[in-house]
Amino acid sequence: MSTPRTRRRASVVALSAALALTAAGCGDDDKSDGAGSGSGGKKGGPVVVATTTWEGAFAKAAGAEDVTVLVPPSTQHAPDYDPKPSDLAAVAKADFVLYAPFEPYADKIKDAAGSDAELVKVNLDNDAGKVRGEVTRLGGLFGTKGAAARWNKTFDREYARLSKDLKASWPGGRSPAVVSQVFTTWSARMAGARTVGTYGPEAVTASQLAGLSAKKPALVLDNAHMSTGKVLPDSGAEQVKIVNYPGKDLELLPVYREAAAQLKKAMKGA
């Protein structure tokens, strides 16, 4: 008699075989950066598989200790990633699978998860309030509420420190006007900047370019993961590269520190 886990493993084997044929056709044999990046290792508590380091960092902040990330941190544009058989094998052992709805490979991950792993949609947004909410929610799912609450307290202290420092760096003591890519507006809020316009994720059209330039922003906050080059080349605004995804250590706080450092540097020159 088959069990849910038996059926799930059979689904994973079938999908793995299909993906193996796809990988062979594409000639992709790079195994160095695949499944297993992140905190990894059997450390007790829930086994979590996250599609990217962004979801993985949310899981770690919420108190998960056994986290495997599928998309290599070196991947410039994570939604372009194609899951490998080794990724699906990792999913087969998971208690929770974390993914974002905009990731086109999410359906393959969901199929591989079968009926045992709990699929969790994560709202990938570094806005401070949304981060606190997601970390709290995941802590409740994982049974790690205490760890999630402690992380949120640390985050609140660090965020307040960075925000205060950025506001003290305003050029001429006045909040700078910025144009921001839609997924980097969180950094403008951290700096207390005035967002006078947004763009993306689609390419900026000629009419949008004229409209945004007319706002006379001091800074353009560009998304490092979806950059199309100089956004407002003739506006005189300094473009700041904002990174959303954490590194292999799955730590969220360095994302805020790096964004603050880049913004502070840019404001000095504004």
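Please refer to the structure higher up on the page.
Residues numbered from 1 in each chain as written. Predicted model: local features only at pLDDT ≥ 70, side-chain atom pairs only at ≥ 80, totals over all residues. Heavy atoms only, no water.

A. Representation of the overall build of the protein. The secondary structure content of the protein amounts to 9 helices and 8 strands. In the protein, which comprises 270 residues, the share counted as buried stands at 46%. Long-range contacts, defined as pairs at least 24 residues apart, comprise 60% of the intrachain contacts of the protein with a sequence gap of at least 6. A total of about 12,700 Å² of accessible surface is found on the protein, and carbon and sulfur atoms cover 54% of it. (Helix = DSSP H or I, 4+ residues; strand = E, 2+ residues; numbered from the N terminus. Buried < 20%, exposed > 50% of the residue type's maximum accessible area, 1.4 Å probe, protein only. Contact = heavy atoms within 4.5 Å. Areas by Shrake-Rupley, 256 points an atom, 1.4 Å probe, with all protein chains shown as cover.)

B. Highlighting the sheet that holds strand β8 (residues 238–242). Pairing within the open sheet is parallel, and its 4 strands lie in the order β6-β5-β7-β8. Sheet topology places β6 (194–199) and β8 at the edges, where each strand pairs with a single neighbour. When strand polarity is set aside, the average angle formed by the axes of neighbouring strands in this sheet is 25 degrees. Examined bridge by bridge, strand β7 (residues 219–223) and β8 share 5 bridges and lie parallel to one another. Pairing of L221 across the sheet is with V240, part of β8. Packed on one face of the sheet, helix α9 (residues 253–269) meets β7 and β8 and runs near 175 degrees to β8. (Pairing = 2+ DSSP bridges. Axes fitted to C-alpha atoms, helices over the stretch in contact; angles between N-to-C directions.)

C. Layout of unusual backbone geometry. For the peptide bond that leads from G200 to P201, omega is 0 degrees, which places it in the cis range. Unlike most non-glycine residues, K216 shows phi in positive territory, near 55 degrees. In this structure, K216 sits in the loop between α8 (206–214) and β7. Judged by its relative accessible area of 69%, K216 falls in the exposed class. Unlike most non-glycine residues, L250 shows phi in positive territory, near 55 degrees. One can find L250 in the loop between β8 and α9. Exposure remark for L250: the relative accessible area of 1% places this residue in the buried category.

D. Local environment of the packing of helix α6 (residues 145–167) against α9. For the pair α6 and α9, interaxial distance at closest approach is 10 Å and the crossing angle is 5 degrees. In this view, α6 runs roughly parallel relative to α9, as classed from their interaxial angle. Here α6 contributes W151, T154, F155, E158, Y159, L162, D165 and L166 to the contact with α9, which in turn contributes L253, Y256, R257, A260, L263, K264 and M267. (Parallel < 35°, antiparallel > 145°, perpendicular 65-115°, else oblique.)

E. Focus on α6. Between its first and last C-alpha atoms α6 spans 32 Å; for 23 residues at 1.5 Å apiece the expected length is 33 Å, and the two agree. At its buried positions, α6 is contacted by α2 (53–61), α5 (128–142), α7 (185–191) and α9. (Expected span 1.5 Å × (residues − 1).)

F. Inspection of the nonpolar core at higher detail. Grouped together as the largest cluster of nonpolar side chains are 49 residues, with contacts concentrated most on L98, F142, M190 and Y256. No other element matches the 8 residues that α9 contributes to this core. Dropping the residues within four chain positions of it, Y256 is found in contact with N126, V131, F155, Y159, L162, W186 and M190. Formed by 12 residues, the second largest nonpolar core is a distinct cluster that contains V49, A90, V91 and A117. (Core = buried A, V, L, I, M, F, W, Y, C linked by side-chain atoms within 4.5 Å.)

G. Layout of the environment of A160. In this fold, A160 is placed in helix α6. Between the C-alpha atoms of A160 and M190, which are 30 residues apart in sequence, the distance is 8.5 Å.

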